[in-house]
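One-letter residues, chain by chain:
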Amino acid sequence: MFKKVCAIFLSFVIAFGFTLSSSLESYAYSRQKLNKSMQETAALMYKTIPKPVVASIGGEWTVLSLARSGIKVPKKYYEDYYKRVEKTVKDSKGILHRMKFTEYSRVILALTAINKDVTDVGGYNLLSYLSNFDNVKKQGINGPIFALIAFDAGNYDIPIDKKASVQTTRQGIIDFILDKEIHKGTIKAGGWALSGTDPDPDITFMAIQSLANYRDQKEVKEAVDRALKIMSKKQLSTGGYNSWGTENCESTAQAIVALTVLGIDIDTDSRFIKTDKKGNKNTLMDGMMQFYCKGGGFAHVNEGYDGGGGSGTGLNAMATDQGMYALDAYYRYINGKNKLYNMTDASQTLAIGNNPDLEKKPNNDNNNNDNNNQNTNQGNRNNGNTNGNINGNTGNKNVKTDNQGNKKYTSNVGGKKVTTNENKSATISIKTIYSGEKDGLIPENKKCVIIQFEKKEKEQIVGFKVSEKKQQYLYYSKELSKKSGCSTYIALFDTSVEKEALLNMDNYEFHKIQKEDNNTDQVITDVTDSKNKDQQQEDYTHPEKYEITFGDVNNDKVVNAQDILDVQSILSGKLDLTDERQIIAINVSMDSKIDNGDINQIMDNFVAKKDYTIFEVFSDKKDDKDSNNKSSDKENTSNKSSKDSQKEDIKQND
């Protein structure tokens, strides 16, 4: 009997042993691919972001991704980053931003990941800036989401702010997030979104990440379960997710982080495994890894519309950051380590040391676009002139004057014919439609001005003389020109520029767009005298750089869902807003803020063909009565606000 029992037991052991061995063998292959992609992406990030700074791109997310990967990184890399953070905090006297308080959450997460004291950064306690809940929620739901993640990352106590009208508490944050659930209290309840009533994968999974530690609360557990049910239905057959109609890496990355934080096995949970038309079963990892680039890093999208300028289908900084920390989250889950944002283990698990693999040149065939540099300006998506100022001296010019007294300049610059016309008889009308506010996304020292040239032919390139050595180009608007009935431009000027200067025709130059032999447009190019080494020569070769379409954030001449995504990214801190054309294109509500109202108007425009509020500048009779039909010393100022723009500022998706 004993022998029989032993034989049966041995057979079970052998069977189990074979099963276990087979399972580990299969799993080991996926781990091998995971480790390879993590090593390659880490090397790419280390090489392309050699000096991370305080920034949403090329900053904290890169540092966090490397720190939580378990991959060795030289100590100097993290130490130098900390010094730059310390300097930034000191230089700003602790004020990283007065509106975007996720700046603090993001820095807290990165510093916690590298085992730094966030309560004393150059003498400032970063946690204290999140203790006033009115500040935390200024950006909408995203502020509280990441404040809670940041507080929990190091199991930090929330400082008491005696001056705060509402003290931040963990429960207060939880209640705020729960209250923002879509269709809360109805049978349709479930998920969260940036705007509207359709649950968005990015925001929903980020909310889940923040609430994961509080599922012992009945209301939290039920809200998370509802969200998971909806997100399961929204998952694509590829295993991935889309946001605003575009399947992308980042949405799927957030799903991986959320589910691993919840302790859900994304390899086996049937709710998040989908079958495609070929019968293949795809997991979330399958969904995200379809965006993986050869040699490391991630693309934003694989095909179709990419966000403009090759920013999506090639290696993308934002996608790489989020893809990498999603790999970290998955790696940590399958190896039984602390979850991605539970950084109480940082002192024991932060891998420091020389790593020859990081010094290897990334073998990436997809890095042919501007985004591949992944520098700190990468998130700006600069499709045109970033500051609006270029040098306006065309060098040696031949000047001719026609019978009407109009001057015509011709010169050859870089083999290109340059013609500049000045018509002193043209009349000017100007309207200042909004100015920036302190701590807003629109710089406080800027004002947006619409300028009409009633006797000028349309589609010329117009330069305004800022100084003797600088011109600022205006943006031509076909939309405004059609509504105004004359050649109409728009630009952001420094508030120091007086209305008299804007009404003075002598301050403008008019550059015609000429046709070359191949019948393609050739933009007039202004350059400095090559002898002047203090000035940089500018060579613009595309006329579209001097045009603007409202709602077209990425300047691809089409307004669609990608533009909404770009505004979301700007509001959430994923992209920095420094491009003046973007500011003008986004602020269609014509107020002093960029907010949820602009998103709603852009959406209404391409869905329902509704006009933007900014077009009302030519339909408001009261304003028109006072407008400058001829050059004069009067300036018509029209500051309008759409009803939508009065809504609460939406979140910082940081």
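What you see is a predicted model; the values in this text were computed from it and never measured. (Residues numbered from 1 in each chain as written. Predicted model: local features only at pLDDT ≥ 70, side-chain atom pairs only at ≥ 80, totals over all residues. Heavy atoms only, no water.)

J.: How should I be thinking about the overall build of the protein in this particular structure?
T.: Counting its secondary structure elements, the protein contains 19 helices and 18 strands. The proportion of buried residues among the 654 residues of the protein is 55%. Looking at the protein alone, contacts between residues at least 24 apart form 70% of all its contacts between residues at least 6 apart. Here the protein displays about 28,800 Å² of accessible surface, and carbon together with sulfur accounts for 47% of that area. (Helix = DSSP H or I, 4+ residues; strand = E, 2+ residues; numbered from the N terminus. Buried < 20%, exposed > 50% of the residue type's maximum accessible area, 1.4 Å probe, protein only. Contact = heavy atoms within 4.5 Å. Areas by Shrake-Rupley, 256 points an atom, 1.4 Å probe, with all protein chains shown as cover.)

J.: Just checking my understanding: could you explain the environment of Asn-354 for this structure?
T.: Summarising the element assignment, Asn-354 is placed in the loop between helix 13 (346-349) and strand 5 (389-391). Classification of Asn-354 as exposed rests on a relative accessible area of 70%. Along the backbone, Asn-354 and Lys-75 are 279 residues apart, and their C-alpha atoms lie at a distance of 8.1 Å.

J.: Sorry, what's going on with the nonpolar core here?
T.: Here is a general trend for soluble globular proteins: nonpolar side chains tend to be buried in one another's company. Leu-109, Leu-111, Trp-192, Tyr-341 and Ile-490 are the most contacted members of the largest nonpolar core, which totals 138 residues. Among the elements that make up this core, the one with the highest residue count is helix 12 (residues 317-334) (eleven residues). Excluding anything up to four places from it in sequence, Ile-490 contacts Ile-433, Cys-448, Val-449, Ile-450, Leu-474, Tyr-475, Leu-480, Ile-548, Phe-550, Ile-584 and Ile-614. Val-449, Leu-503, Met-505 and Tyr-508 belong to the second largest nonpolar core, which has 18 residues in total. (Core = buried A, V, L, I, M, F, W, Y, C linked by side-chain atoms within 4.5 Å.)

J.: Mind showing me how you'd approach the side chain of Lys-447 here?
T.: One can find Lys-447 in strand 10 (residues 446-453). At 2.7 Å, the side chain of Lys-447 forms a polar contact with the backbone oxygen of Val-497. (Polar contact = N/O pair within 3.5 Å; in protein donor to acceptor, adjacent residues only side chain to side chain.)

J.: In this structure, what is going on with helix 18 (residues 596-608)? I would like to understand it.
T.: In an α-helix, one turn spans 3.6 residues; hence positions three or four apart end up facing the same way. The terminal C-alpha atoms of helix 18 lie 17 Å apart, and with 13 residues this matches the ideal 18 Å at 1.5 Å per residue to within 8%. Along helix 18, the positions that sit buried rather than exposed are Asn-596, Gly-597, Asp-598, Ile-599, Asn-600, Gln-601, Ile-602 and Asn-605. Of the surrounding secondary structure, the elements contacted by the buried residues of helix 18 are helix 16 (561-572) and helix 17 (580-586). Downstream of helix 18 by one or two residues, Lys-609 has phi in the positive range, about 60°. (Expected span 1.5 Å × (residues − 1).)

J.: What exactly am I supposed to notice about the pairing of strand 11 (residues 461-465) here?
T.: Regular strands have side chains that alternate between both faces of the sheet. Counting buried residues along strand 11, four of its five residues qualify, which places the element largely inside the surrounding structure. Where strand 11 meets strand 15 (residues 508-511), four bridges bridge the pair, whose relative direction is antiparallel. Its bridge partner being in strand 15, Phe-464 is matched across the sheet by Tyr-508. Pairing analysis gives three bridges linking strand 11 to strand 12 (residues 470-473), with the strands arranged antiparallel. Considered in strand 12, the bridge of Lys-465 is made with Gln-471. If you look at the hairpin formed by strand 11 and strand 12, you'll find four residues sitting between the two strands. (Pairing = 2+ DSSP bridges.)

J.: Would you take a moment to explain unusual backbone geometry for this structure?
T.: Phi is mostly negative for residues that are not glycine, and the peptide bonds are mostly trans. The backbone of Asn-115 sits at a positive phi, close to 65°, despite the residue not being glycine. With respect to the helices and strands, Asn-115 occurs in the loop between helix 4 (102-113) and helix 5 (133-136). A positive phi angle is found at Asn-155, which is not glycine, with a value near 50°. Mapping Asn-155 onto the fold places it in the loop between helix 6 (142-153) and helix 7 (170-179). By relative accessible area, which is 57% here, Asn-155 ends up exposed.

J.: Any chance you could explain the state of the cysteines here in plain terms?
T.: Any covalent bond linking the sulfur atoms of two cysteines counts as a disulfide. Applying the stated criterion to the full structure yields zero disulfides. Counting only cysteine sulfurs, Cys-293 is the nearest neighbor of Cys-249, a cysteine outside any disulfide, at a range of 8.8 Å. (Disulfide = S-S within 2.5 Å.)

J.: Help me understand the pattern of salt bridges, please; the structure alone is not making it clear to me.
T.: Oppositely charged side chains can pair when the atoms bearing their charge come close. Counted under the stated rule, the structure contains 21 salt bridges. Salt-bridge contacts for Glu-79 lead to Lys-116; the nearest nitrogen and oxygen are separated by 2.9 Å. Residue Glu-79 is found in helix 3 (residues 75-91), and its partner Lys-116 is found in the loop between helix 4 and helix 5; the two are separated by 37 residues along the sequence. Residues joined by salt bridges that share partners form a network here, namely Glu-60, Lys-100, Glu-103 and Arg-106. (Salt bridge = Lys/Arg side-chain N within 4 Å of Asp/Glu carboxyl O.)

J.: Looking at this structure, I do not really get the confidence of the model for the protein. What am I missing?
T.: For the protein, the mean per-residue pLDDT works out to 77, and 72% of the residues sit at or above 70. Predicted confidence for residues 1-29 stays below pLDDT 50, and this span has three contacts to residues more than four positions away or in other chains. Taken together, the stretch residues 516-541 has pLDDT below 50 and engages in 65 contacts with residues farther than four places along the chain or on a different chain. (pLDDT = per-residue confidence, 0-100.)

J.: How should I be thinking about the packing of aromatic side chains in this particular structure?
T.: Centre-to-centre distance and the angle between the planes together describe a pair of aromatic rings. What the rule picks out here adds up to 19 aromatic pairs. Each ring, one from Tyr-77 and one from Tyr-78, has its centre 5.9 Å from the other, and the planes form 75°; the classification is edge-to-face. Ring centres of Tyr-508 and Phe-510 lie 6.5 Å apart, and the angle between their planes is 35°; this geometry places the pair in the tilted category. For the residue pair Tyr-508 and Phe-510, the accessibility class agrees, reading buried in each case. One aromatic cluster in this structure is built from Phe-453, Phe-464, Tyr-476, Tyr-489, Phe-493, Tyr-508 and Phe-510. (Phe/Tyr/Trp six-rings, centres within 6.5 Å; stacked < 30°, edge-to-face > 60°.)

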